[in-house]
Amino acid sequence: MSVNRTLRLFSRLHRHLNTRTARVPAGCSRAVSGSRLLLQLQHPPPGSGVCCRDVSSSSSPPRAPDTSLFVPVSLKTDVPADGTVGAELTQPLDKNELLKVLNKFYKRKEMQKLAADQGLDARLFHQAFVSFRKYVLEMSSLPADLHIILSDICSNAGHVDDIYPYFMRHAKQIFPMLDCMDDLIKISDLRVPANWYPEARAIQRKVVFHAGPTNSGKTYHAIQRYLAAKSGVYCGPLKLLAHEIFEKSNTAGVPCDLVTGEERTFVEPEGRAAGHVACTIEMCSVNTPYEVAVIDEIQMIRDPSRGWAWTRALLGLCAEEIHVCGEAAAVDFIRELMYTTGEEVEVHTYQRLTPFSVLDRAVESLDNLRPGDCIVCFSKNDIYSLSRQIEGRGQECAVIYGSLPPGTKLSQAKKFNDPDDSCKILVATDAIGMGLNLSIKRIIFNSLVKPNVNEKGEKQMETISTSQALQIAGRAGRFSSVFKEGEVTTMHRDDLPVLKEILSRSVDPIQTAGLHPTAEQIEMFSYHLPDASLSNLIDIFVSLSQVDGLYFVCNIDDFKFLADMIQHIPLNLRSRYVFCTAPINKKQPFVCTSFLKFARQFSRDEPLTFDWVCRHVGWPLAAPKNIKDLVHLEAVHDVLDLYLWLSYRFMDMFPDTAGIRGIQRELDDIIQQGVRNITRLIRATDPNVADPLQQQQQQSGAPERTGAGAASSRLPSRNRGQRNSAEMMEKSLASRLVRDGLLTPDLLRQLQREWSKTQRQEGGSQSALGAELHSKSVKGKRTKKK
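Residues numbered from 1 in each chain as written. Predicted model: local features only at pLDDT ≥ 70, side-chain atom pairs only at ≥ 80, totals over all residues. Heavy atoms only, no water.

A word on the overall build of the chain
When helices and strands are counted, the chain shows 30 helices and 18 strands. Across the 786 residues of the chain, 49% fall into the buried class. Sequence-distant contacts in the chain: of pairs separated by 6 or more residues, those separated by 24 or more amount to 75%. Just so you have it, the chain exposes about 37400 Å², and 53% of that area is on carbon and sulfur atoms. (Helix = DSSP H or I, 4+ residues; strand = E, 2+ residues; numbered from the N terminus. Buried < 20%, exposed > 50% of the residue type's maximum accessible area, 1.4 Å probe, protein only. Contact = heavy atoms within 4.5 Å. Areas by Shrake-Rupley, 256 points an atom, 1.4 Å probe, with all protein chains shown as cover.)

Structure follows, in structure tokens:
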């Protein structure tokens, strides 16, 4: 390493010390900040080219752990081995005197300070004392040494401070982490993740960064090198992308296997591994040597949930050449990350192959849609509403959203791309941003606000980032499509200047990469804390972990959610950990219920057979009659995916993969049929909502209004999210609440029922009051006549 480069490296790391210690992406678990930011590479392998640096002068002690995560262990109340020897040598203890002595000990500031030096802060000291007091007062016989000491103190033959060693002995029994804190801190030290991969550090890898926007050919050039190599691995973020490279490789005469979480396809006879493999990034092997590795969408290294997979692939793949594809905003960070491994980065920059322009006018009405248009929404409710309104105007549309099975997505994409098909409009979520080749002329943002979950787990609406907007807008006018120039606009007039401002900004540079505790690290933690739950182990690990300023600990909420769900089921730690890494949608109750049943059946050592699964999901399943049925079928598809995912981790317990895959293909066809008839399903779900086309006809036949009514009828609609199919409700408060995710359709109907009931009651009260007043009036008139 040259002197200039060494100086540059230290200057960059010094900058981290001042500016990067507190950077953690939103929604991520906060770990101890990088207080030792000059990386101390412990025991680098010979010939790795990794430099070691002395950080003793610039390091600071780790932050104290979050003791609120320390759960006291319940102690067994067995009779001590020495029985009642203490009582025989002294005398029985007076409980009242004993209570006074213990409370006096608790109030001693000197004892609290001594305990704090041993790791017992005020919270733990109080919990330990309460447990110790209960132990002393409720045990029928105490250990002889403790009994004698307490007897001496009660007899004024000893000092209350003499209790301290016995109190600490009890505290370390209920808080075993106090005795092994140094070991736990060492295990959770995440400051040098490059050293987790000795095979990669043992070779000098060439790193090539293909930087450019969408539709610039960056991935194409990386794949060309991949196909020309003797062996290679492609790592993509989606199953669809892995499938695409798998098919492209084999079509080009390069034997390639497919490995995803739920699928293994070997092209060689007898299941022998081919030289090339296309996989989802979580499934890449860091132990297999390759000539070329391709890591796609490297900007996802900062993803709050999945970023760890890109970090693992980048640092751990054992390949002579690493080809990284992604946004230019990641170049400086990847170069910086590679300094820690002593590997240089060669950057190839690409420009977009076809231009796209932001239009000066919004669409404003679905009547202005043209062939090749794609309306992008950020919720399925928007998808349902818009697709019905479009087909109500006599146009056919394709539908794509994230929870659809891959086969259904491809089917809808093929339908939209087919020039001979009558379907010329696409309604989709941001799921089209990756993995699908679509022939889109114009991208129309139905909204610029996307629901996100903040650090507290609360749902909130946020404006999309520049990176997200560019990723979606870049789908217009792709090089391989029939449209050689793309256009981007919004559905609503007020959104257009906001979109222009978003697209004019530069993409925020990537600053940190994700990490996640490994199964081995958690197992070592469990060795020291055998009675802690997996969720508690993870919490303590993150609390104690130290990360360099280049990294953050990924969000572990989903992992903990599953860990808590199956905590009561008896499983060994490794199996429990694997179950908790399963990629399931926790918002789907049926999927969560199935996950729980799978774990329970597994714990009984009873294989989950094809017949068992069919009984559980109610196979065979009928075609959906409404949207609720379609959503359930999507959940069943996810359950079958979960079975296949687990079958590759526990082959003997999930043995019937062929049968499950067969019914999953049939289910995919059923879902495709439902999506093709989605308008009919929406109508069946809510028959009270009038058809938009029929409303237009009724409005066109209505007498012309004047004055304020006419002015209001000429105002443009302002739909920004979930819209009710009835256009006359587009401006209502209820529709805005549903649109912003603050009110669900079910709650809206419930509120309507309650409102109607209240109105009837009030109407009845008013009628009764009116009758009473009328009666009094009649009586008054009669009195006057008399």
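Thoughts on the packing of helix α5 (residues 122–138) against helix α7 (residues 164–174)
Put simply, α5 and α7 touch, their axes get as near as 9 Å, and they point 105 degrees apart. One element, α5, and the other, α7, form an angle in the roughly perpendicular class. Contacts between α5 and α7 involve Phe125, Gln127, Ala128, Phe129, Ser131, Phe132 and Tyr135 on the former and, on the latter, Tyr166, Phe167, His170, Ala171 and Ile174. Residue classes in the contact of α5 with α7 are distributed as nine nonpolar, three polar and no charged. (Axes fitted to C-alpha atoms, helices over the stretch in contact; angles between N-to-C directions. Parallel < 35°, antiparallel > 145°, perpendicular 65-115°, else oblique. Nonpolar A, V, L, I, M, F, W, Y, C, P; charged D, E, K, R; others polar.)

Quick word on the sheet that holds strand β9 (residues 356–358)
As summarised here, the arrangement of the six strands in space is β9-β16-β13-β10-β12-β11, forming an open sheet in which the pairing is parallel. At either margin of the open sheet sits one strand with a lone partner, and together these are β9 and β11 (397–400). Between one strand axis and the next, the sheet turns through 20 degrees on average, direction left out of account. Pairing analysis gives four bridges linking strand β10 (residues 373–376) to strand β12 (residues 425–428), with the strands arranged parallel. From the neighbouring strand, cysteine 374 faces β12, where its bridge partner is leucine 426. Here helix α14 (residues 380–392) sits on the sheet in contact with β10, β11 and β12, set at roughly 170 degrees to β11. The strands touched by helix α16 (residues 466–473) are β9, β10, β13 (442–445) and β16 (486–490); relative to β13, the strand with the most contacts, the crossing angle is about 140 degrees. (Pairing = 2+ DSSP bridges.)

A short note on the pattern of salt bridges
Applying the stated criterion to the full structure yields 29 salt bridges. The salt bridge partner of aspartate 332 is arginine 335, with a shortest N-O separation of 3.6 Å. Taken as a pair, aspartate 332 and arginine 335 lie in helix α13 (residues 331–339) at a separation of three residues, close to a single helical turn. Residue class for aspartate 332 comes out partly exposed when judged on its relative accessible area of 48%. Note on arginine 335: relative accessible area 21%, which makes it partly exposed. Linking glutamate 523 and arginine 574 is a salt bridge whose minimum nitrogen-to-oxygen distance equals 3.0 Å. (Salt bridge = Lys/Arg side-chain N within 4 Å of Asp/Glu carboxyl O.)

Comments concerning the environment of alanine 582
As for its position among the elements, alanine 582 is in the loop between α21 (573–580) and α22 (589–603). Sequence-wise, alanine 582 and glycine 261 are 321 residues apart; in three dimensions their C-alpha atoms are separated by 9.0 Å. For alanine 582, the contacting residues outside a window of four places in its chain are Leu562, Phe595, Leu642 and Trp645.

With respect to helix α20 (residues 557–565)
By the burial criterion, the buried members of α20 are Phe559, Lys560, Leu562, Ala563 and Met565. Here the buried face of α20 lies against α19 (534–544), α21 and α22.

Re the sheet that holds strand β8 (residues 345–349)
The strand order β4-β3-β5-β2-β6-β7-β1-β8 describes an open sheet built from eight strands, whose pairing is mixed. A strand with exactly one partner marks an edge of an open sheet, and here the two such strands are β4 (264–265) and β8. Relative to strand β7 (residues 319–326), strand β1 (residues 206–211) is paired through six bridges, and the arrangement is parallel. Within β7, the residue paired with alanine 211 across the bridge is glycine 326. With respect to the sheet, helix α10 (residues 218–228) is in contact with β1, β2 (232–236), β3 (256–259), β5 (276–280), β6 (290–295) and β7, its orientation differing from that of β7 by roughly 160 degrees. Along the sheet, α13 makes contact with β1 and β8, crossing β8 at roughly 165 degrees.

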